[in-house]
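Topology and contacts: notes
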There are 2 protein chains.
Amino acid sequence: MNSDNIPDIIIGRLPIYLRALQRMAEKGMKTSSQELGEHVGISAAQIRKDISQFGEFGKQGTGYSIGFLIDKLREILKIHHLWEVAIVGAGDIGHALARYQGFTNRGFRVAMIFDTDASKVGEKIGEFTIEDASKMVERIRAAKIKMAMVTVPASTAQEVTDKLVQAGVKAILNYAPTSINVPNNVRVQYIDPATHLQRMTYYLE
Amino acid sequence: MNSDNIPDIIIGRLPIYLRALQRMAEKGMKTSSQELGEHVGISAAQIRKDISQFGEFGKQGTGYSIGFLIDKLREILKIHHLWEVAIVGAGDIGHALARYQGFTNRGFRVAMIFDTDASKVGEKIGEFTIEDASKMVERIRAAKIKMAMVTVPASTAQEVTDKLVQAGVKAILNYAPTSINVPNNVRVQYIDPATHLQRMTYYLE
């Protein structure tokens, strides 16, 4: 089980399986890979093949126990412990993420939120106090935070990204509608509503 | 070219290719499928295979012209014309989406925004006026809007979804941290930051 050996595209499917499994568990369902495949729109054979990359999990044809699979996927994805995440940008999206209920049981906890706007610094969002972005590098480095969500305008996204990399952040979720450049040892994911909408227009009349 | 014949998983990759191509075009790049593959982390062979489902686009081995591919993908995804989208929920995310600059040239235009909160109705967000959600079904139906973004709390997401379906909406982008049920002829996509974060933790130390 070496990260160099498993294709990125397979890793990318695991959180989708995990989310489907957690939803099925909430509904009180047991599962087989057949049912899971129906939920996520990927074939049972593909799911079985993906999961087998990480070791044997169940007898072929008998399906998998939901609880066991959830635990295993959380372990593979390293979210069996909590990751602290910094938010940069206390605009609409920053506020929404600071209050977001969807991180619970998913492996993440918002730890701090920054903004450059002096009029926002010191303001409260729920349990958080907006901090001065000029202290960001030092604060993130001291707290050893490795993940950040960038919710600044497109025009400042690269500058913020460079500072996060300098602070030791290794994974960035970018909400700004622009691409950002990072060194090879840093990961980036994009929240891009247009891409999701485009996945659906194909099917519309 | 029949939507019944092309697997959903392939359709899902096309917006990713399109986004990568648009970014490459912005940087003034020409492309081959090799370069595109490097940008999106999917093999050139896979991309060629996906695109060939929709007809012959270029000579094998010579790569594709970016402009031609962008046009072709926009046509396949039916975003060569603008789709109007309704936003339901004028909270932080609703505000952010109403002001979002990332829909430009991607095929979408926000047309209206609704909220149930009487104190918000009539308030302006940029060019939009927040409308009373009690008029939503009638307004969306009259405007023949087929797409909506749901940014209400998890507790009311299903109720809002049912009304959107009743209004004739066929594609929903759900920001609420909960799953929603729709009839078979309606599509749903989820904006789920935890899933994106989980795609990255695997690679962290």
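This text gives an overview of the structure that appears in the document.

The rules we used
- Residues numbered from 1 in each chain as written.
- Chains lettered and ligands numbered in written order.
- Predicted model: local features only at pLDDT ≥ 70, side-chain atom pairs only at ≥ 80, totals over all residues.
- Heavy atoms only, no water.
- Pairing = 2+ DSSP bridges.
- Helix = DSSP H or I, 4+ residues; strand = E, 2+ residues; numbered from the N terminus.
- Least-squares fit on C-alpha atoms with pLDDT ≥ 70 in both.
- Contact = heavy atoms within 4.5 Å.
- Buried < 20%, exposed > 50% of the residue type's maximum accessible area, 1.4 Å probe, protein only.
- Polar contact = N/O pair within 3.5 Å; in protein donor to acceptor, adjacent residues only side chain to side chain.
- Buried area = accessible area lost by both parts, 1.4 Å probe.
- Salt bridge = Lys/Arg side-chain N within 4 Å of Asp/Glu carboxyl O.
- Nonpolar A, V, L, I, M, F, W, Y, C, P; charged D, E, K, R; others polar.
- Axes fitted to C-alpha atoms, helices over the stretch in contact; angles between N-to-C directions.
- Parallel < 35°, antiparallel > 145°, perpendicular 65-115°, else oblique.

1. Examining the sheet that holds strand S5 (residues 147-150) of chain A
All names here are of chain A. Strand order in the open sheet made by the seven strands is S3-S4-S2-S1-S5-S6-S7, with mixed pairing throughout. Strand pairing shows two members of the sheet lacking a second neighbour, strand S3 (124-125) and strand S7 (187-190), which therefore form its edges. Sheet topology places strand S2 (residues 108-115) next to strand S4 (residues 128-132); three bridges connect them, and they run parallel. Each bridged residue has a counterpart across the sheet, and for Ile113 the counterpart in S4 is Ile130.

2. Points about the relation of the copies chain A and chain B
Between chain A and chain B, which share one sequence, the superposing operator has a rotation angle of 180 degrees and an axial displacement of 0.0 Å; the RMSD is 0.0 Å. On this basis, the relationship between the two copies can be described by a two-fold rotation axis. Every residue of chain A has its C-alpha some distance from the rotation axis, and the shortest such distance is that of A:Asp92, at 2.3 Å. Most of the interface of chain A is mirrored in chain B, where 100% of its interface residues again form contacts.

3. Focus on the sheet that holds strand S6 (residues 171-174) of chain B
One open sheet accounts for seven strands, arranged S3-S4-S2-S1-S5-S6-S7 (chain B); its pairing is mixed. The two strands at the open ends of the sheet, each matched to only one other strand, are strand S3 (124-125) and strand S7 (187-190) of chain B.

4. Observations concerning the environment of A:His196
Examined against the element boundaries, A:His196 turns out to sit in helix H8 (residues 193-201). With a relative accessible area of 15%, A:His196 lands in the buried category. Leave out the neighbours within four places in its chain, and A:His196 touches B:Leu173, B:Gln189, B:Tyr190, B:Ile191 and B:His196. A polar atom in the side chain of A:His196 sits 3.0 Å from the side chain of B:Gln189.

5. With respect to the interface of chain A and chain B
Counting from both sides, the interface comprises 63 residues of chain A and, opposite them, 63 residues of chain B. Around 6,200 Å² of area is buried between chain A and chain B when both sides are counted, 64% of it from carbon and sulfur atoms. Sorting the residues of chain A by area buried against chain B places A:Gln198, A:Tyr202 and A:Tyr203 first, and these three jointly supply 13% of that buried surface. Counting across the chain A and chain B interface gives eight salt bridges. For B:Asp192, the salt bridge goes to A:Arg19, with nearest N and O atoms at 2.9 Å. Across the chain A-chain B interface, the total number found is 21 residue pairs in polar contact (both at pLDDT 80 or more). Among the secondary structure elements, those contributing two or more residues to the side of chain A that touches chain B are helix H1 (8-26), strand S1 (83-88), helix H5 (92-99), S5, strand S6 (171-174), S7 and H8 of chain A. Taken together, the residues of the side of chain A that touches chain B sort by class into 36 nonpolar, 13 polar and 14 charged.

6. Focus on the packing of helix H2 (residues 33-40) of chain B against helix H3 (residues 44-52) of chain B
All names here are of chain B. Remark: H2 packs on H3, axes separated minimally by 8 Å, with the N-to-C direction vectors making an angle of 110 degrees. Comparing the axis directions of H2 and H3 gives the class roughly perpendicular. Between H2 and H3, the contacting residues are Ser33, Gln34, Leu36, Gly37 and Val40 on the first element and Ala44, Ile47 and Arg48 on the second.

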